[in-house]
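Examining the three-dimensional arrangement
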Amino acid sequence: MNTSINLKDISFKYENSLVLENVSFSLQKGEFLGLIGPNGSGKSTLIKIILGMLKPTKGEIQLFDSPISHFNEWPKIGYVSQKANTFNGGFPATVFEVVSTGLFGKMGLFKWMGKQEKEMVKHAINIVGLSGYEKQNIGKLSGGQQQRVFIARAIVSEPELLILDEPTVGVDENSEMQFYQLLEKMHSDLKVSLLLVTHDIGAITSRVDTVACLNKKLFFHGKPSEFEPNRIGITDQLYGENVHVLQHNH
Amino acid sequence: MLSDFFYFDFLQNAFFSGILIGLVCPIIGVFLAVRRLSLIADTLSHVTLAGVATGLFLQKNFVSLQIINPVYIGTLFSLAGVFLMDRLRQVYRFYQELALPIILSASIGFSVVLISLADGFNADVFGYLFGSLIAISDKDLLVILVVTVMIISIILLLFKELFYISFDDEAANTSGIPVKKLNIF
C-alpha cells in the first residue's frame, strides 16, 4: 500500500483526436508531484480519468493499489477543480456549509452532521486561515478566499491524496503565495500525497518532490534536480522553441 | 361565508390540498431554481400532455384498450421524460438547460400530431392536464397528503446530498455521492 496513483499506458481520444498517448507514471504515498504542460496538453483530461469521470481509451489506473473499477474509497481523495472559483456566486451557502459538503461522501447517505463532524469543519476552516468567516456567504468572499474555502472542502475529510487542477487561476500573488505555503504545510505535517496541475513551472520546481511534463505524451518524469539542468530542452519540447521560463521568488 | 367552508367538503378539500401543494412545491423548487432547472415543471407537464393524448388516442381507436386511464399513461411519459432529460443533460454537458426546450417542444409537437390524428377528443385533454381545484375528492386529498409526507421525508433524509449536488455536482460525484441516481430521483 505505498502507491496513491498508478497509471499504466493511458491513452484517451476525444472523437478522433488523440488527447493522451501512453501516459504512465505513479505517485507514491506522501509524494508531492507537479504536473505541468501547455493548454490543451491533456492535463485536465488526465485528472478526470484519474477521478473516474472519464474512461481511458486504453490503459490501466490503480488508486491506492486497487483497480479504479473496484475502487470505492473516494473520500480518501480530495479534489480542487480548475473551475472551483467559477461557481454560481449567487448560491445561498455559507463558508461552513460549503466546507461541510467535503464530509458528505465519507458520512454516507441518511446521516446528519454531529459534533465531531462540525469540529472537523471548523478545523479545516482554521487550517486555511478563514476562522471567523464561517457564517459568511461564499459569494461575498474574494477570489483567493473562495479558493481557500474549496481547499478546506477538499481537506476536511482528511484525504490521503489531494488533487489540485490549476487552483491558482485568477488568484492574486499574495493569495497564491499563501496557497503554496499551505500546500507545503500539508505535505510536511499531514503527509498528504499531492498532485498539483499548474502552468507555474518556476514556483513548483522548488517545492515538489517530482515533476511530470505532459503534452499528450509524458516528456519528463523525475526529480526537480534532474529537471533543472534540462529545463530549456524540456520546455522547448513542451511549449515550442520561443518560450522562456521566468524565475520568481514566491 | 365561513359556514359554507365547514358545510361543503369540496371547499375543505380544495383548501387543504392547496396548502399541501403550496408547502411541497417550494421545497422541491428551491433545488431546481439553484440548478437553473426552473422550467422542468413546464417541460414535464408538456410531456404529460403527450402521454394523456396517447392514452386518449389508444382509448378512441382500440376498444380493448379502453380500460387504460390516460392519467397513468401521462405519468409513465413523465417518468420517461425524466430519464431522457438526464441523458440529454449528460450529452450537452456544458449547455445542460438545452435538454428542457428540446423535450418540451418535441412533446408538444407529438401531442398536436396525436390530437390531429384523432380529430380531437371527446374528453377535454386540458381537463386531464390541469384538472380543477374544487373537483378534488377525499381520495385525491389523501393521495396528495401521502405524496407530500413522502417528498418531505425523502428531502429531509437526503438534504445534504441534494444540497451538495445543487452546489457542485462534479465535486459531489468525485466524493462518492451517487449523483446520477439522485438526479433521476
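Parameters at a glance
Residues numbered from 1 in each chain as written. Chains lettered and ligands numbered in written order. Predicted model: local features only at pLDDT ≥ 70, side-chain atom pairs only at ≥ 80, totals over all residues. Axes fitted to C-alpha atoms, helices over the stretch in contact; angles between N-to-C directions. Helix = DSSP H or I, 4+ residues; strand = E, 2+ residues; numbered from the N terminus. Parallel < 35°, antiparallel > 145°, perpendicular 65-115°, else oblique. Left-handed = near helix turned anticlockwise from the far one by under 90°. Contact = placed C-beta atoms within 7 Å. Core = buried A, V, L, I, M, F, W, Y, C linked by C-beta atoms within 7 Å. Buried ≥ 20, exposed ≤ 12 C-beta atoms within 10 Å, placed from the backbone. Pairing = 2+ DSSP bridges. Domains from an automatic or database assignment. pLDDT = per-residue confidence, 0-100.

What about the packing of helix 2 (residues 9-34) of chain B against helix 7 (residues 138-157) of chain B?
Helix packing for two helices is described by the angle between their axes and how far apart those axes are. Residues and elements named next belong to chain B. Running from N to C, helix 2 and helix 7 point in directions that differ by 25°, and their axes come no closer than 10 Å. As far as their axial angle goes, helix 7 and helix 2 are roughly parallel. Viewed along their axes, helix 2 and helix 7 form a crossing whose handedness is left-handed. For the pair helix 2 and helix 7, contact is made by N13, F16, S17, L20, I21, L23, V24, I27 and I28 and by D138, D140, L141, I144, L145, T148, I151, I152 and I155, respectively.

Quick notes on the nonpolar core
Counting residues in each nonpolar core, the largest one holds 71 residues, and the members touching the most others are A:V99, A:A124, A:A152 and A:I163. For this core, the element with the highest residue contribution is helix 4 (residues 143-155) of chain A, accounting for 6 residues. If sequence neighbours within four positions are ignored, A:A152 has contacts with A:V99, A:A124, A:I125, A:I127, A:V128 and A:L130. Grouped together as the second largest cluster of nonpolar side chains are 18 residues, B:L44, B:L49, B:A50 and B:M85 included.

A closer look at helix 8 (residues 159-167) of chain B
Those residues of helix 8 of chain B not exposed but buried are B:K160, B:E161, B:L162, B:Y164, B:I165 and B:F167. Residues of helix 8 of chain B that are buried make contact with helix 2 (95-107) of chain A together with helix 2, helix 7, helix 9 (169-174) and helix 10 (179-184) of chain B.

Topic: the sheet that holds strand 8 (residues 193-198) of chain A
Residue and element names in this part refer to chain A. Here 6 strands make up an open sheet; going across it, the order is 6-7-8-3-9-10 and the pairing mixed. Each having just a single partner strand, strand 6 (77-80) and strand 10 (217-222) make up the two edges of the open sheet. When strand polarity is set aside, the average angle formed by the axes of neighbouring strands in this sheet is 15°. Two strands pair when backbone bridges link them, and strand 3 (residues 32-36) and strand 9 (residues 210-215) are joined in this way by 4 bridges, in the parallel orientation.

What to know about the domain arrangement of chain B
Residues and elements named next belong to chain B. Partitioning chain B into structural domains gives domain 1 (11-16 + 37-133) and domain 2 (137-185). Between domain 1 and domain 2, the C-alpha centre-to-centre distance is 22 Å. Tallying the contact residues gives 5 residues for domain 1 and 5 residues for domain 2. Of all the secondary structure elements, the ones that give two or more residues to the side of domain 1 that touches domain 2 are helix 2 and helix 4 (70-91).

Examining the pairing of strand 8 of chain A
Moving residue by residue along a regular strand, the side chains alternate between the two faces of the sheet. Residues and elements named next belong to chain A. The buried count for strand 8 comes to 6 of 6 residues, which makes it a mostly enclosed element. What you see with strand 8 is no split at all: S193, L195 and V197 on one side and L194, L196 and T198 on the other are buried throughout. Direction of pairing for strand 3 relative to strand 8: parallel, over a ladder of 5 bridges. Within strand 8, the position partnered with G34 by the bridge is L196.

What about the interface of chain A and chain B?
Between chain A and chain B, the contact holds 15 residues from the first and 14 residues from the second. In terms of residue count, the dominant contributor to the side of chain A that touches chain B is helix 2 of chain A (4 residues).

Brief notes about the sheet that holds strand 1 (residues 3-14) of chain A
All names here are of chain A. Taken together, the 4 strands give an open sheet; going across it, the order is 2-1-4-5, and neighbouring strands pair in antiparallel fashion. Each edge of the open sheet is held by one strand with a lone partner, namely strand 2 (17-28) and strand 5 (66-67). Direction of pairing for strand 4 (residues 58-63) relative to strand 5: antiparallel, over a ladder of 2 bridges. The residue bridging Q62 from the neighbouring strand is P67, located in strand 5.

Some words on the confidence of the model for chain B
Residues and elements named next belong to chain B. A residue-level look at chain B finds 95% of positions with pLDDT of 70 or above and a mean pLDDT of 85. By mean pLDDT, helix 6 (residues 125-130) is the weakest element of chain B at 70, and helix 7 is the strongest at 92. Reported confidences for the modelled complex are a pTM of 0.76 and an ipTM of 0.75.

Some details on the pairing of strand 9 of chain A
All names here are of chain A. Of all 6 residues in strand 9, 5 are buried; the element is thus mostly enclosed. Here strand 9 runs beside strand 10; their pairing, made up of 5 bridges, is antiparallel. Bridging from a neighbouring strand, L214 pairs with L218 of strand 10. Adjacent in sequence and paired antiparallel, strand 9 and strand 10 are bridged by 1 residue, among which K216 carries a positive phi angle near 70°.

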